[in-house]
Number of protein chains: 2
Amino acid sequence: MKKEKNLKLSDLGEFGFIARFSTSFLRNLPPEVVGIGDDCAVVPWKGKKKLLVTTDLLIDGVHFLKEKISAEDLGYKSLAVNLSDIAAMGGRPLYALLSLALAPETDVRWLDQFFNGWRALARKTKVQLLGGDTTKTLNKMVINVALLGEAEENFIRYRSAAEPGDIIAVTGPLGNSEGGLRLILSGLRESQLGSDEKKLLKCHYRPRPHLPEGYFLAHQLEVRAMMDVSDGIDSDLKRIIERSNCGVEVWLEKLPVSSFLKKCSQKYGWPLNEVAAAGGEDYCLLVTIDPNGFSRLALRYQRQFRRPLYPIGRITSDRGHFIYLLNGRPVALKKSGYDHFKT
Amino acid sequence: MKKEKNLKLSDLGEFGFIARFSTSFLRNLPPEVVGIGDDCAVVPWKGKKKLLVTTDLLIDGVHFLKEKISAEDLGYKSLAVNLSDIAAMGGRPLYALLSLALAPETDVRWLDQFFNGWRALARKTKVQLLGGDTTKTLNKMVINVALLGEAEENFIRYRSAAEPGDIIAVTGPLGNSEGGLRLILSGLRESQLGSDEKKLLKCHYRPRPHLPEGYFLAHQLEVRAMMDVSDGIDSDLKRIIERSNCGVEVWLEKLPVSSFLKKCSQKYGWPLNEVAAAGGEDYCLLVTIDPNGFSRLALRYQRQFRRPLYPIGRITSDRGHFIYLLNGRPVALKKSGYDHFKT
């Protein structure tokens, strides 16, 4: 460990940064407010209804590549990633604020398409754009979205509610978005893409926020902790066990992966388990569920959505321990999640 | 005018951008919501209380110079400019979300100081930091703040409420922040700065959001339109007359300027009227007031704050017309306000 006075942000890492700077802010919060540490903050609203608040900052070159992604997909995705945070708490989205830093030479047709993509998803999810801020950028495009939503007090799900023994489940396949990203970074051209590749790209560019699933799951008594899969379950489960003071085992052979991700992984030599466990941006939901109620809940879920709820592991009492099992045997995964500040 | 298909953002300008893209979003708003076009958006909250929502995006090189401003001042100012939007509606601030894009090599002590500056102002104004987002930047630092506040329905003041004949007034001296900016851009060193220069720099780096003044003014029946002076009265009054369908005359000899701005303007050859009228970031308030009640109100204001409310002009019925008068005679100002996208 470096001396305090020479510390850089990259030494702290994202987790260390949040730990260092959140304490003093959390200490001063009134008891009716839930601050830093979950997908959304929660503040009092109308009676038993609470206001959910979340924000995401997206930067060209870090979160997307402006030269690769279409304007329409970018407009869609900027809203989608925030909706996913509302879904993760069991809420319904209401209002958005959009901040944009744009180059003065930006093509107005590009902006038309950006707003088309945004508007299509906003209509579907009943989100009102209330305003925002626009400014020029000297360099890279910047997008910040702040989103407000609502949820009933008794049906908000937090990261901190996991209990030893809980079954961990996800609401969709894992790794598709990472597969799409790998294709983009490999520089393949449009003409070289088969139908499997196109499906992966679509998952990366147009992730569907699991709002109906989140709302449904938050209203099931068996569901304890919930969050969305934004940085990959490897990172995201760490957040759950940290907040819930427990441990986790993940059953690698159970991770749901799409047929097209499997085929592309074989074709391009990707390590499928790592792609599924450490790949980010799938934006499905990650839940922990009372083991005594899991089968009943999975059945109700299947009936409601005509898709399965996928069990992928178990919460343990082994505080802070994160184990991957492959057919019951512990294995090591190479990649250990994404940290914004580690270089 | 260029053909539609070749239009760039710089052709539209900031006003054109907002006009082009806000229409479809405003059309779909439910009647109880006030969206794009004012300092804050206004949405239903608890009974007669409304929730105010605002956001500001600040980028190194555009809104501040990271190498010049101290970390503490930057933390302070990031919050202050958003508080000023709440002040402009007559509200009280409640909750903030902070998004930061930082270089991994950022010094942790720099961050400590940034949060010290933020925290000092947040405590004074009773703002709770609820959370946010942190990410790395490849290039310039980015700060986005989203701020929530509250106001009583009947005591919210909008830009659209000005009426012909209204006296226009400001709550503080104009141009100090622009003076500070001019000193910074001139490259003067710390050792070359006299006490007048230091006062200007302080106005630029640590603007005081006029929250008590905004709350007081919003509760006076004589006050009609209100906003904050963020881009300079030249730009900001245009917004008021556009939203209120009227015109404006500004009495240049009445613009309140500080003694230290006057002295520096003489010393460095700055055009004082232009600095006061077109300089941004003073973050005092701009109000229009029923002419029949102005003197009574100005007296109450003086008693309350022990500082004057400065009359600087008059709202006219001459829709869209913006006239500067110097001792009663029309004059032209060189600079015509700041537009983020004009190059």
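As the structure is a prediction and not an experimental result, all values here were calculated from the model.

Draft legend 1. Just the relation of the copies chain A and chain B, in detail. Expressed as a screw operation, the relation of chain A to chain B combines 0.0 Å of axial shift with a rotation of 180°, fitting to an RMSD of 0.0 Å. In the structure described here, the two chain copies are related by an operation that fits a two-fold rotation axis. Taking the C-alpha atom as reference, chain A places K46(A) closest to the rotation axis, 2.7 Å from it. Here 100% of the contact residues of chain A are again contact residues in chain B; the copies associate through an equivalent surface.

Draft legend 2. Here's a closer look at the pairing of strand β8 (residues 247-251) of chain B. Residues and elements named next belong to chain B. Side-chain alternation along β8 places V248 and V250 on a buried face and G247, E249 and W251 on a face that remains uncovered. Examined bridge by bridge, β8 and strand β10 (residues 310-316) share four bridges and lie antiparallel to one another. Residue pairing for β10: V248 is matched across the bridge by I315. Two elements, β8 and strand β11 (residues 322-326), share four bridges in a ladder whose sense is parallel. Bridged to W251 within β11 is L325.

Draft legend 3. The arrangement of helix α3 (residues 108-125) of chain A in detail. Compared with an ideal rise of 1.5 Å per residue, which puts 18 residues at 26 Å, α3(A) spans 26 Å between its outermost C-alpha atoms and is within 8% of the ideal. V108(A), L111(A), F114(A), F115(A), G117(A), W118(A), R119(A) and A122(A) are the residues of α3(A) that are buried. Looking at the packing, one finds that the buried side of α3(A) touches α2 (71-89) and β4 (128-136) of chain A together with α1 (9-27) of chain B. At the exit of α3(A) stands K126(A), carrying a positive phi of roughly 60°.

Draft legend 4. Representation of the interface of chain A and chain B in the model. Counting residues at the interface gives 60 residues for chain A and 60 residues for chain B. The element contributing the most residues to the side of chain A that touches chain B is β4(A), with nine residues. The residue inventory of the side of chain A that touches chain B, partitioned by class, reads 30 nonpolar, 18 polar and twelve charged.

Draft legend 5. Examining the domain arrangement of chain A more closely. All names here are of chain A. In terms of domains, chain A is made up of domain 1 (32-155) and domain 2 (159-331). Each of domain 1 and domain 2 was reduced to a C-alpha centroid, and the two centroids are 23 Å apart. Here the element with the most residues in the side of domain 1 that touches domain 2 is α2; it accounts for ten residues.

Draft legend 6. Region of the structure containing the environment of V248(B). All names here are of chain B. Along the polypeptide, V248 turns up in strand β8. On the basis of neighbour count, V248 is assigned to the buried category, with 26 C-beta atoms found within 10 Å. Along the chain, V248 and R314 lie 66 residues apart, while their C-alpha atoms are 5.8 Å from each other.

Draft legend 7. Representation of the environment of D290(B). Residues and elements named next belong to chain B. Counting through the fold element by element, D290 comes out in the loop between β9 (285-289) and α10 (294-305). The exposure class assigned to D290 is partly exposed, which follows from the 17 C-beta atoms found within 10 Å. In sequence terms D290 and E222 are 68 residues apart; their C-alpha atoms lie 5.1 Å from each other.

Draft legend 8. The sheet that holds strand β3 (residues 92-102) of chain B, seen in detail. All names here are of chain B. Strand order in this open sheet of five strands is β1-β2-β5-β3-β4, and the pairing throughout is mixed. In the strand order of this sheet, the two ends are held by β1 (41-44) and β4 (128-136), each with one partner. The sheet shows a mean angle of 20° between the axes of neighbouring strands, taken without regard to direction. Pairing analysis gives nine bridges linking β3 to strand β5 (residues 142-152), with the strands arranged antiparallel. Across the sheet, A96 pairs through a bridge with L147, a residue of β5.

Draft legend 9. Quick peek at unusual backbone geometry. Residue and element names in this part refer to chain B. Here N245, not a glycine, exhibits a phi torsion of approximately 50°, which is positive. The residue N245 is located in the loop between α7 (233-244) and β8 in this model. Taking the number of C-beta atoms within 10 Å as the measure of exposure, N245 has 13 and is therefore partly exposed. One non-glycine residue with positive phi stands out, namely Y283, at about 55°. Mapped onto the elements of the fold, Y283 is located in the loop between α9 (272-278) and β9. The class for Y283 is buried, based on 24 C-beta atoms found within 10 Å.

Draft legend 10. The environment of M226(A), seen in detail. Residues and elements named next belong to chain A. Considering the arrangement of structural elements, one finds M226 in strand β7 (residues 223-228). Sequence-wise, M226 and L285 are 59 residues apart; in three dimensions their C-alpha atoms are separated by 7.0 Å. Ignoring sequence-local partners within four residues, the contact set of M226 consists of A88, G90, R157, L217, A218, L285 and V287.

What counts, and where the lines are drawn
- Residues numbered from 1 in each chain as written.
- Chains lettered and ligands numbered in written order.
- Predicted model: local features only at pLDDT ≥ 70, side-chain atom pairs only at ≥ 80, totals over all residues.
- Least-squares fit on C-alpha atoms with pLDDT ≥ 70 in both.
- Contact = placed C-beta atoms within 7 Å.
- Buried ≥ 20, exposed ≤ 12 C-beta atoms within 10 Å, placed from the backbone.
- Helix = DSSP H or I, 4+ residues; strand = E, 2+ residues; numbered from the N terminus.
- Pairing = 2+ DSSP bridges.
- Expected span 1.5 Å × (residues − 1).
- Nonpolar A, V, L, I, M, F, W, Y, C, P; charged D, E, K, R; others polar.
- Domains from an automatic or database assignment.
- Axes fitted to C-alpha atoms, helices over the stretch in contact; angles between N-to-C directions.

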